[in-house]
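Here are the chains, one letter per residue:
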Amino acid sequence: MKKVYMDNAAAMPLLPEAKDAMLPFLGEAFGNPSSLHEWGDKARDAIEEARASVASLIGADAEEIYFTSGGTESNNFAVKGMALAQQAKGKHIIVSAIEHFSVLNSAATLCKWGFEVTEVPVDKYGAVNPEDVKKAIREDTVLVSIMHANGEIGTIQPIKEIAAITRKMKIPFHTDAVATAGTIPVNVNELEVDALSLAANSFYGPKGSGALWVRKGIRIMPLLDGGIQEGGRRGGTENVAGIVGMGKAAEVAAAQMRDRIKHLIPLRDRLITELPAKIGHVIVTGHLQSRLPGHASFCVEFIEGEAMLMLLNSKGIAVSSGSACTSKALKASHVLLALGLDHAIAQGSALFTMGMDTTNEDIDYVLETMPSLVTRLRQMSPLYDKFIKAGKGG
């Protein structure tokens, strides 16, 4: 049976160059970076080299990079740390309705600590209107956090336009760039944001490694109290192997980004165009043009997404339904509901995320396999039966 992996948003294979770079630090180069001897020197030097590579990927200065355990910690660090550091000025923050749960739940925690949160809406494509952000700003607003792109629907946000507003109002602006950093060009100075989250596993680096970039001069409180690591802003002995792997993956991503994008966009566009034509009653979610290069997402009407995923898996095709953090929740995605889709339609979501190993033959196999599986599921669907009896099918 043919095997087709199209769940790269959830997990990417580790880049061989990253694995090779990591191996010494899982063996003989075991020193603690804080130690004042040659074993510590080697680990510390490796971390600083990785810091420079990650900084270069996003156009930042190395001393502005703080390594974390991944995108979720980076988002928690940014949202809680920046808000708490500014609380003497006010306790109001702004997020979008489609943020990752690591941002939304951090905001919810801040509410328990006396903050107020405004969620700005998105349009039917999942895009934030910068004017909505402007209207939501109050005198006591101390943080805006809007993601660079949504990993579930692929829509890229107008971050630079939002930043022009926050900069004029002198409000710190954080963006969750986990879906974009290492995938499309990201430059913190061009975006004009004040903090940016990224994760290694989004560009073929190791899972459990991430970073938060914080612009020089921006106040932030540590999320993890401990020692002096990461400039005193993130305590705990560093995950040296993971950081080294992230640095190497960042270096390769910067060198290969143009070729990766050139490879992915035609595959994405084939799937977005041809799958709805073959099946019918399929909604493409997210923006068609302002979209991540290897990302195709749909809602297939009249069926449950989980059942569709299991049948696709039985045919050797790996995809997801919603984000990796919600795919086992058996409930409609908050992102899809924010687009204005009703609960029943949102339940039938399917997310195809392609990588450098994806081929046209893989797309062919999906297009050949999926229609019969959808037909099978719809034959068991009371919603589809009602739809047909109402004379709306065809």
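Computed from a predicted structure; not experimentally measured.

Peer 1: Just to check I follow, could you spell out the overall build of the protein chain for this structure?
Peer 2: What the protein chain contains, in helices and strands, is 13 helices and 12 strands. For 394 residues, the compact-globule estimate of 2.2 N^0.38 gives 21 Å, and the C-alpha radius of gyration of the protein chain, at 22 Å, lies within 12% of that figure. Within the protein chain, the proportion of its 394 residues that are buried is 57%. A sequence separation of at least 24 residues applies to 73% of the contacts in the protein chain between residues at least 6 apart. Accessible surface, the protein chain as shown: approximately 17,200 Å² in total, 54% of it carbon and sulfur.

Peer 1: Is there a simple way to think about the packing of aromatic side chains in this case?
Peer 2: In this description, a pair of aromatic rings is defined by centroid distance and the angle of the planes. A full pass over the atoms with the stated rule returns one aromatic pair. When the ring of Phe 298 is compared with that of Phe 352, the centres are 5.8 Å apart and the planes differ by 80°; the resulting orientation is edge-to-face. Here the residue Phe 298 occupies a position in strand S10 (residues 295-300), and Phe 352 occupies one in strand S12 (residues 349-353), the gap between them amounting to 54 residues. Take Phe 298 and Phe 352: they sit in the same class, and that class is buried. Directly above the aromatic system of Phe 115 lies the positively charged group of Lys 91, at a separation of 5.6 Å from the ring centroid.

Peer 1: Would you take a moment to explain the pairing of strand S5 (residues 141-145) for this structure?
Peer 2: The two faces of a sheet get side chains in turn, since along a regular strand they alternate between them. Counting buried residues in S5 gives five out of five residues, a clear majority hidden from the surface. Alignment of strand S3 (residues 92-96) against S5, held across four bridges, turns out to be parallel. Note that in S5 the partner of His 92 across the bridge is Thr 141. Between the parallel pair S5 and strand S6 (residues 173-176), the chain is carried across by helix H6 (residues 159-169), and the sense of this crossover is right-handed.

Peer 1: When you look at the sheet that holds strand S2 (residues 65-68) in this model, what are you seeing that I'm missing?
Peer 2: Strands belonging to one sheet form pairs held by backbone hydrogen bonds; the direction of such a pair is parallel or antiparallel. Strand order across the open sheet formed by seven strands is S2-S8-S7-S6-S5-S3-S4, with mixed pairing between neighbours. In the strand order of this sheet, the two ends are held by S2 and strand S4 (116-120), each with one partner. On average, adjacent strands in this sheet sit at an angle of 20° to one another, irrespective of strand direction. Of the strand pairs in this sheet, S2 and strand S8 (residues 210-214) are connected by four bridges, and their pairing is antiparallel. Pairing of Phe 67 across the sheet is with Ala 211, part of S8.

Peer 1: Is there a simple way to explain the sheet that holds S10 in this structure?
Peer 2: Spatial strand order, S9-S10-S12: three strands in an open sheet with antiparallel pairing. The open sheet has two free edges, formed respectively by strand S9 (282-284) and S12, since each of these has just one partner strand. Averaged over all adjacent pairs, the angle separating strand axes in this sheet is 25°, with direction ignored. Bridge count for S10 against S12 is five bridges, and the pairing is antiparallel. The residue of S12 that forms the bridge with His 295 is Thr 353. Contacts between helix H8 (residues 240-279) and the sheet are confined to S9, S10 and S12, with S10 contributing the most and set at about 15° to the helix.

Peer 1: What is the right way to look at the pattern of salt bridges in this model?
Peer 2: Scanning all chains against the criterion turns up 15 salt bridges. Between Arg 234 and Glu 73 there is a salt bridge; the shortest N-O distance is 2.7 Å. With Arg 234 in the loop between S8 and H8 and Glu 73 in helix H3 (residues 71-85), this residue pair connects regions lying 161 residues apart in the sequence. Looking at Arg 234, the relative accessible area reads 15%, which means it is buried. Here Glu 251 and Lys 248 are joined by a salt bridge, their closest N and O atoms 3.3 Å apart. Linking Glu 251 with Lys 248, this pair stays in helix H8, spanning three residues, or about one helical turn. According to the relative accessible area criterion, Glu 251 is partly exposed, its value standing at 39%. Overlapping salt bridges, with partners in common, bring together Glu 48, Arg 51 and Glu 230 in one network.

Peer 1: Teacher, can you tell me more about the layout of surface pockets here?
Peer 2: To locate leftover empty space, one rolls a probe as large as a water molecule over the atoms. Within this model, the second largest pocket holds a volume of roughly 320 Å³. Taken together, 20 residues line the second largest pocket, and the ones lying closest to its centre are Lys 89, Met 169, Lys 170, Ile 171 and Pro 172. Within the residue set of the lining of the second largest pocket, elements represented by two or more residues are S5 and H6. Top element by residues in the lining of the second largest pocket is H6. It accounts for four residues. Taken together, the residues that form the lining of the second largest pocket break down as seven nonpolar, four polar and nine charged.

Thresholds applied
- Residues numbered from 1 in each chain as written.
- Predicted model: local features only at pLDDT ≥ 70, side-chain atom pairs only at ≥ 80, totals over all residues.
- Heavy atoms only, no water.
- Helix = DSSP H or I, 4+ residues; strand = E, 2+ residues; numbered from the N terminus.
- Rg over C-alpha atoms; globule rule 2.2 N^0.38 Å.
- Buried < 20%, exposed > 50% of the residue type's maximum accessible area, 1.4 Å probe, protein only.
- Contact = heavy atoms within 4.5 Å.
- Areas by Shrake-Rupley, 256 points an atom, 1.4 Å probe, with all protein chains shown as cover.
- Phe/Tyr/Trp six-rings, centres within 6.5 Å; stacked < 30°, edge-to-face > 60°.
- Lys NZ or Arg CZ within 6 Å of the ring centre and 35° of its normal.
- Pairing = 2+ DSSP bridges.
- Right-handed = clockwise from strand over helix to strand, strands pointing away.
- Axes fitted to C-alpha atoms, helices over the stretch in contact; angles between N-to-C directions.
- Salt bridge = Lys/Arg side-chain N within 4 Å of Asp/Glu carboxyl O.
- 1 Å grid on protein atoms, 1.4 Å probe; cavity = no way out; pocket = protein on both sides within 12 Å on 5 of 7 lines; lining within 4 Å.
- Points joined across faces, edges and corners; volume = space filled by probe spheres on them.
- Nonpolar A, V, L, I, M, F, W, Y, C, P; charged D, E, K, R; others polar.

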